Amino acid sequence: MNKIGIYNETDEDIPYLETVKKVINGAIKIEKLSNIECNIIFVDDSYIRMLNSTYRHIDRVTDVITFALEDDKTCILPNHYRVLGDIYISIDKAKKQAIEYQHSLEREVCFLAVHGFYHLLGYDHATEEEEKIMFSKQEEVLAKYGINR
């Protein structure tokens, strides 16, 4: 059984939290994983800017930031769960990007959650080849749930 924690740490009503959970569970199935544990935390721009500044030393707002526990091998827990880590998403930035990219807020928050999930699994987009692999995985998951641009 997977444990996907969804937390809204904002004053905003975010209507797509169950959809996000469903899509992440779908990504877990597509990747043929089980007993996965991770958290998705929705925050505002000021909070995510603080995280970005403190942990990445980049003093600006970002849309999503992940803290992957498996990056540090001392954090791998000796239990039957694979605890991936936390995904922080700025709902403020997601709303702006949904408008900018001309798609729904549902699409944007699901995209950011799946994007963060693949970062937790170790995928990156620093090179063109890495980006191609990561983004095709993301699109496969979103397409499966009819969440298109």
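Presented here is a report on the structure given in the accompanying data block.

### Focus: the overall build of the protein chain
And step 1. When helices and strands are counted, the protein chain shows five helices and four strands.
And step 2. Each helix (α) and strand (β) of the protein chain, taken in turn from the N terminus, gives the series β-α-β-α-β-β-α-α-α.
And step 3. In terms of overall dimensions, the protein chain is globule-like: its C-alpha atoms have a radius of gyration of 15 Å, near the 15 Å expected for 149 residues.
And step 4. Sequence-distant contacts, at least 24 apart, represent 65% of the contacts inside the protein chain between residues at least 6 apart.
And step 5. When the accessible area of the protein chain is evaluated, it comes to approximately 8,400 Å², of which 47% is carbon and sulfur surface.
And step 6. Side chains of the protein chain give 18 positive and 26 negative charges; the mean places of these two sets differ by 5 Å.

### Comments concerning helix α5 (residues 128-144)
Because an α-helix packs 3.6 residues into every turn, residues spaced three or four apart end up facing the same way.
And step 1. Across its 17 residues, α5 extends 24 Å between first and last C-alpha, which sits within 8% of the 24 Å expected from 1.5 Å per residue.
And step 2. Listing the buried residues of α5 in full gives Met134, Lys137, Gln138, Val141 and Leu142. Projected onto a plane normal to the axis of α5, the buried residues spread over an arc of 130 degrees and lie on a single side. In α5, the exposed residues that point more than 90 degrees away from the buried face are Glu128, Lys132 and Lys144.
And step 3. Contacts from the buried residues of α5 go to α1 (17-30) and α4 (105-120).
And step 4. Looking one or two residues beyond α5, the residue adopting positive phi is Gly146, at roughly 70 degrees.

### Details of the nonpolar core
And step 1. Residues Val20, Ile24, Ile40, Phe42, Ile89, Phe117 and Tyr118 are the most contacted members of the largest nonpolar core, which totals 35 residues.
And step 2. Among the secondary structure elements, those contributing two or more residues to this core are α1, β2 (36-43), β3 (64-68), β4 (82-90), α3 (91-100), α4 and α5.
And step 3. When residues of this core are assigned to their parent elements, the largest contribution, ten residues, is made by α4.
And step 4. Other than its neighbours up to four places away in sequence, Ile40 contacts Ile4, Gly5, Ile6, Tyr7, Val20, Ile24, Ile87, Ile89 and Ala113.

### Some thoughts on the sheet that holds β4
And step 1. Sheet architecture is open: four strands sit in the order β1-β2-β4-β3, paired in mixed fashion. With one partner strand each, in any of the chains shown, β1 (3-8) and β3 form the two edges of the open sheet. Strand after strand, the sheet turns through a mean of 15 degrees between neighbouring axes, direction not considered.
And step 2. Sheet analysis places β2 next to β4, joined by eight bridges and oriented parallel.

### Focus on the packing of α1 against α4
And step 1. Look at α1 against α4: their axes get within 10 Å of each other, and the N-to-C directions meet at 40 degrees. In terms of crossing hand, the pair formed by α1 and α4 is right-handed. Residues Thr19, Val20, Val23, Ile24, Ala27 and Ile28 of α1 lie in contact with α4, whose contacting residues are Glu106, Val109, Cys110, Ala113, Val114, Phe117 and Tyr118.

### Some thoughts on the packing of α1 against α5
And step 1. For the pair α1 and α5, interaxial distance at closest approach is 9 Å and the crossing angle is 120 degrees. As summarised for this structure, α1 and α5 are arranged oblique, according to the angle between their axes. In this structure, α1 meets α5 at a crossing whose hand is right-handed. Of the residues in α5, those in contact with Val23, Ala27 and Ile30 of α1 are Glu140, Val141, Leu142 and Lys144.
And step 2. Taken together, the residues that form the contact of α1 with α5 break down as five nonpolar, no polar and two charged.

Quick notes on the rules
Throughout, a residue's number is its position along its own chain's written sequence, starting from 1. Totals for whole chains, interfaces and linings use every residue, but because this is a predicted model, local features are given only for residues with pLDDT of at least 70 and side-chain atom pairs only at 80 or more, for both listing and counting. Processing note: side-chain calculations cover all non-hydrogen atoms of the structure and skip hydrogens and water entirely. Helix numbering and strand numbering both begin at the N terminus, where a helix is a DSSP run of H or I of at least 4 residues and a strand a DSSP run of E of at least 2. The globule rule used here is 2.2 Å times the number of residues to the 0.38 power, and the radius of gyration it is set against is calculated over C-alpha atoms. We call two residues contacting when some pair of their heavy atoms lies within 4.5 Å. Values of accessible area rely on a 1.4 Å probe in the Shrake-Rupley scheme; residue burial ignores everything except the protein chains shown. Charge convention: Lys and Arg are scored as positive, Asp and Glu as negative, and His as well as the terminal groups of each chain are ignored. Each charge is placed at NZ for Lys, CZ for Arg, CG for Asp and CD for Glu. Each residue after the first adds 1.5 Å to the expected span of a helix. The buried label applies to any residue whose accessible area, calculated with a 1.4 Å probe on protein chains only, is under 20% of its type's maximum; exposed applies above 50%, and partly exposed to all values in between. Within this analysis, the arc is defined by the directions that extend from the helix axis to the C-beta atoms. Definition used in this section: a nonpolar core is a set of buried Ala, Val, Leu, Ile, Met, Phe, Trp, Tyr and Cys residues joined via side-chain atoms within 4.5 Å. Only when DSSP finds a minimum of two bridges between them are two strands counted as paired. Each axis is a line fitted through C-alpha atoms, taken for helices only over the stretch in contact, and angles between the N-to-C directions span 0 to 180 degrees. Helix crossings are classified by the rotation of the near helix relative to the far one: an anticlockwise turn of less than a right angle makes the crossing left-handed, while a clockwise turn makes it right-handed. Any angle between 65 and 115 degrees counts as roughly perpendicular, while under 35 counts as roughly parallel, over 145 as roughly antiparallel, and the rest as oblique. In this count, Pro and Cys sit with the nonpolar residues alongside Ala, Val, Leu, Ile, Met, Phe, Trp and Tyr, while Asp, Glu, Lys and Arg are called charged and the others, Gly among them, polar.

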